[in-house]
Amino acid sequence: MRNTFHGVVSLSLMFISIMIGLLYIISDSIAMGLLYFLIIIVSLLIITYSFCAKCPCRFDSCGHILPGKLSQLLPIRKNDDYTAWDFTGVVMPVAALLIFPQFWIWEDKIALIVFWLLFFISLIEIRLYVCKVCKNEKCPFGDYSR
């Protein structure tokens with residue numbers, strides 16, 4: 001069963017977190033804001049290719065909906081064990097998304113807390129609700145003891 005509510009909530013929280021970073025960057029430098037926007041787009045594509053494109057759920061039961069749809073446009077990947085390269089393709093882009101805006105957000109402690117809180121809540125939402133109903137048995141985050 002697909003849990004799109006939690007998938008949409010988790011991605012929305014993550015999106016808001018990233019938009020906070022983007023807005024703080026743009027308020028200081030349009031050029032750096034455009035660079036971060038490019039980082040966002042490239043990161044989304046790399047993460048989707050590295051992780052989502054291997055998931056069999058992307059065709060009919062992706063809880064996150066949009067990454068599932070986007071992954072269908074990318075080159076086909078075999079549903080196989082995730083490799084160190086696949087993990088690198090998730091960790092490095094996520095690190096870039098989180099670390100890059102810190103210089104601009106740092107001065108506003110409330111924004112900094114909200115940025116990180118939204119991001120961590122989205123991860124908790126994914127782990128507690130989206131992963132629980134996912135059927136990708138190759139996913140290292142899944143719970144297949146159910």
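Details of the structure are given in the entry above.
All figures in this text were calculated on a predicted structure; none of them were measured in a lab.

### Considering the packing of aromatic side chains
Part 1: Summed over all chains, the structure comprises 9 aromatic pairs.
Part 2: Summarising the aromatic geometry, the rings of F100 and W104 are spaced 5.3 Å apart at their centres and angled 35 degrees between planes, so their arrangement reads as tilted.
Part 3: Exposure remark for W104: the relative accessible area of 14% places this residue in the buried category.
Part 4: Taken together, Y36, F100, F103 and W104 form an aromatic cluster joined through their ring pairs.
Part 5: Above the plane of the ring of Y49 lies R77, whose end atom (NZ or CZ) is 4.6 Å from the centre.
Part 6: The cationic tip of K109 hangs over the ring face of W106; the distance from NZ or CZ to the ring centre is 3.8 Å.

### Topic: the packing of helix 2 (residues 30-50) against helix 4 (residues 84-99)
Part 1: Their axes nearest at 9 Å, the elements helix 2 and helix 4 cross at an angle of 160 degrees. By the angle between their directions, the pair helix 2 and helix 4 is classed as roughly antiparallel. The two elements helix 2 and helix 4 meet at a crossing, and its hand is left-handed. Residues Y36, I39, I40, S43, I46, I47 and S50 of helix 2 pack against D86, G89, V90, P93, V94, A96 and L97 of helix 4.
Part 2: Within the contact of helix 2 with helix 4, the residues separate by chemical class into 10 nonpolar, 3 polar and 1 charged.

### Considering helix 4
Part 1: With 16 residues, helix 4 extends 21 Å from end C-alpha to end C-alpha; this agrees with the ideal 22 Å at 1.5 Å per step.
Part 2: Listing the buried residues of helix 4 in full gives D86, G89, P93, L97 and L98. Buried residues of helix 4, seen end-on, are gathered within an arc of 140 degrees and therefore sit on one face of the element. Exposed residues lying more than 90 degrees from the buried face of helix 4 are A84, W85, V91, M92 and I99.
Part 3: The secondary structure elements touched by the buried residues of helix 4 are helix 1 (4-28), helix 2, helix 5 (102-105) and helix 6 (109-133).

### Topic: the environment of I110
Part 1: One can find I110 in helix 6.
Part 2: Expressed as a C-alpha distance, the spacing of I110 and D80, which sit 30 residues apart in the sequence, is 42 Å.

### Remarks on the environment of G7
Part 1: Within the element layout of this structure, G7 appears in helix 1.
Part 2: Residue G7 is classed as buried on the basis of its relative accessible area of 0%.
Part 3: Sequence spacing of G7 and I47 is 40 residues, and the spatial spacing of their C-alpha atoms is 16 Å.
Part 4: Setting aside residues no more than four positions away along its own chain, G7 makes contact with G63, H64 and V130.

### Some details on the pattern of salt bridges
Part 1: Using the criterion set out here, one finds 3 salt bridges in the structure.
Part 2: Residues D86 and R77 are paired through a salt bridge, measuring 2.8 Å at the closest nitrogen-oxygen approach.
Part 3: The class of D86 is buried, set by a relative accessible area of 3%.
Part 4: In this structure, a network of salt bridges that share partners links the residues K54, R77 and D86.

Calculation notes
Residues numbered from 1 in each chain as written. Predicted model: local features only at pLDDT ≥ 70, side-chain atom pairs only at ≥ 80, totals over all residues. Heavy atoms only, no water. Phe/Tyr/Trp six-rings, centres within 6.5 Å; stacked < 30°, edge-to-face > 60°. Buried < 20%, exposed > 50% of the residue type's maximum accessible area, 1.4 Å probe, protein only. Lys NZ or Arg CZ within 6 Å of the ring centre and 35° of its normal. Axes fitted to C-alpha atoms, helices over the stretch in contact; angles between N-to-C directions. Helix = DSSP H or I, 4+ residues; strand = E, 2+ residues; numbered from the N terminus. Parallel < 35°, antiparallel > 145°, perpendicular 65-115°, else oblique. Left-handed = near helix turned anticlockwise from the far one by under 90°. Contact = heavy atoms within 4.5 Å. Nonpolar A, V, L, I, M, F, W, Y, C, P; charged D, E, K, R; others polar. Expected span 1.5 Å × (residues − 1). Arc of directions from axis to C-beta. Salt bridge = Lys/Arg side-chain N within 4 Å of Asp/Glu carboxyl O.

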